[in-house]
Amino acid sequence: MSIKKIVTVALLALMSVSLVACSQSSKSAKEDTSLSDVQKRGTLVVATSPDFAPFEFKRLVNGKDTVAGVDVELSKEIAKELGVDVHFLTVSFTNVLGSVSIGKADYGISGISVTEERKKALEFTEPYFESKNVVIIRKADLAKYTSVDSFAGKSVSAQKGTIQEGVLADQIPKASAVSLTQNSEGVNELKSGQIEGIVMESAIAQGYVSSNDDLTVANITLKKVDGSSYAIALPKGSIALRNRINGIIKKLKKEGKIDDYVKKANQESEAGK
Ligand code: ARG
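The structure presented is a predicted model; accordingly, all values stated were derived computationally and were not measured.

Draft legend 1. Up close: the overall build of the protein chain. In terms of helices and strands, the protein chain carries 10 helices and 15 strands. Counting across all 273 residues of the protein chain, residues that qualify as buried make up 45%. Only carbon and sulfur atoms are counted for the fraction: they give 54% of the accessible area of the protein chain, which is about 14,000 Å².

Here's what the structure looks like:
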């Protein structure tokens, strides 16, 4: 064998050894400790964006800012079942998804729609709620905006990082899209005439419409999209924790608890307005 050949063979052998070592170490790094970590820590860390009543919103309790809503109740119940405390990390909606994907929270809950795209980066539980998209407008414009085309050239908003941005772009393509960090900003702009409509999910729209006499849901039917159900998002690989939560969600759904949470959250958020 020539020197060159010997060196090549040796190098190849070395490479295959390191490849095996590599795949082994990544295998052990990926060991799923998602459930045992929470149990050892004694606290479930939950990322949420409390700008989305009745799912999550801020509420003053005895002068203290707290989070309330369907997702908060659900998380308290999950923590109870796991025998741990719950800590809410409140961040913007985009950061809910971001902090979960980098493992800063055990999970994120924020009326998060399950989509094929998001499934690439996140692990999802069983769905716990079904949603649909609507457009809210000023009541005075009810006869003006009766089709998606009637928004041609008009400013319509959607919350940044949500699937409503996609709904707006795909289904109301002639509108001029405005991305806002929070729906409440959109509501103020809609009331003052800076924008003409907001795409949001029906359960959230109901809250704004019932507390703002001058707003209503437009008589326009939007098409069903990928992402019509809400689920909890976990970091990729958190299978043990996800499976445990799936069991809890199934039980709560069967007992009709999610509907109870929705009713309670609607009452609380109405009372806070
Ligand atoms: N369901 C939509 C989505 O997942 C909107 C969720 C917004 N949630 C919130 N807390 N602001 O894209």
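What follows continues from the structure just given.
Draft legend 2. Geometry of the site of the ligand. Near the ligand lie 16 residues; those nearest to it are Asp51, Ser110, Gly111, Ser113 and Arg118. At 2.8 Å, a backbone N or O of Gly111 approaches a nitrogen atom of the ligand. In this structure, an oxygen atom belonging to the ligand sits 2.8 Å away from a side-chain N or O atom of Arg118. Taking 350 Å² as the accessible area of the ligand by itself, protein coverage stands at 100%. Mapped onto the shell around the ligand, the elements with two or more residues apiece are β2 (51–52) and α6 (163–171). Here the residues of the shell around the ligand are counted per class, giving five nonpolar, seven polar and four charged.

Draft legend 3. Broad picture of the sheet that holds strand β4 (residues 64–68). If you walk across this open sheet you meet the three strands as β2-β3-β4, and the pairing is antiparallel. This sheet does not close on itself; its edge strands, each paired only once, are β2 and β4. As paired strands, β2 and strand β3 (residues 56–61) are joined by two bridges and run antiparallel to one another. Each residue of the ladder has a partner; that of Phe52, found in β3, is Glu56.

Draft legend 4. Geometry of the pairing of strand β1 (residues 43–48). Of all the six residues making up β1, five are buried; the element is thus mostly covered by neighbouring parts of the structure. Alignment of β1 against strand β5 (residues 85–90), held across six bridges, turns out to be parallel. Looking at the pairing, Leu44 lines up with Val86 of β5.

Draft legend 5. Representation of the sheet that holds strand β13 (residues 215–217) within the structure. In space, the five strands of this open sheet follow the order β11-β10-β12-β9-β13, with mixed pairing throughout. Each end of this open sheet is capped by a strand with a single partner; those strands are β11 (176–180) and β13. The average undirected angle you get between the axes of adjacent strands in this sheet is 30°. Inspection of the sheet shows strand β10 (residues 155–159) paired to β11 by five bridges, in the parallel sense. Bridge pairing in β11 links Ser155 to Ser176. Here helix α8 (residues 202–211) sits on the sheet in contact with β9 (133–138), β12 (197–201) and β13, set at roughly 125° to β12.

Draft legend 6. Main features of helix α9 (residues 239–254). With 16 residues, α9 should reach 22 Å at 1.5 Å per residue; the first-to-last C-alpha distance of 22 Å fits that figure. Listed in full, the buried residues belonging to α9 are Leu241, Arg242, Ile245, Asn246, Ile248, Ile249 and Leu252. On the buried face of α9, the contacting elements are α2 (34–41), α3 (70–82), β6 (107–108), β7 (122–124), β15 (233–235) and α10 (257–271). Phi turns positive one or two residues past the end of α9, at Gly256, with a value near 75°.

Draft legend 7. Structural view of the confidence of the model for the protein chain. Across the protein chain, pLDDT averages 91, with 89% of residues at or above 70. Predicted confidence for residues 16–27 stays below pLDDT 50, and this span has zero contacts to residues more than four positions away or in other chains.

Draft legend 8. Broad picture of the packing of α2 against α9. One way to put it is that α2 packs onto α9 with a least axis distance of 5 Å and a crossing angle of 80°. On the basis of the axis angle, α2 is roughly perpendicular to α9. Residue-level inspection shows Ser34, Leu35 and Val38 of α2 in contact with α9, the latter providing Ile239, Ala240, Leu241 and Arg244. Residue classes in the contact of α2 with α9 are distributed as five nonpolar, one polar and one charged.

Parameters and conventions
Residues numbered from 1 in each chain as written. Predicted model: local features only at pLDDT ≥ 70, side-chain atom pairs only at ≥ 80, totals over all residues. Heavy atoms only, no water. Helix = DSSP H or I, 4+ residues; strand = E, 2+ residues; numbered from the N terminus. Buried < 20%, exposed > 50% of the residue type's maximum accessible area, 1.4 Å probe, protein only. Areas by Shrake-Rupley, 256 points an atom, 1.4 Å probe, with all protein chains shown as cover. Near = heavy atom within 4 Å. Polar contact = N/O pair within 3.5 Å; in protein donor to acceptor, adjacent residues only side chain to side chain. Nonpolar A, V, L, I, M, F, W, Y, C, P; charged D, E, K, R; others polar. Pairing = 2+ DSSP bridges. Axes fitted to C-alpha atoms, helices over the stretch in contact; angles between N-to-C directions. Contact = heavy atoms within 4.5 Å. Expected span 1.5 Å × (residues − 1). pLDDT = per-residue confidence, 0-100. Parallel < 35°, antiparallel > 145°, perpendicular 65-115°, else oblique.

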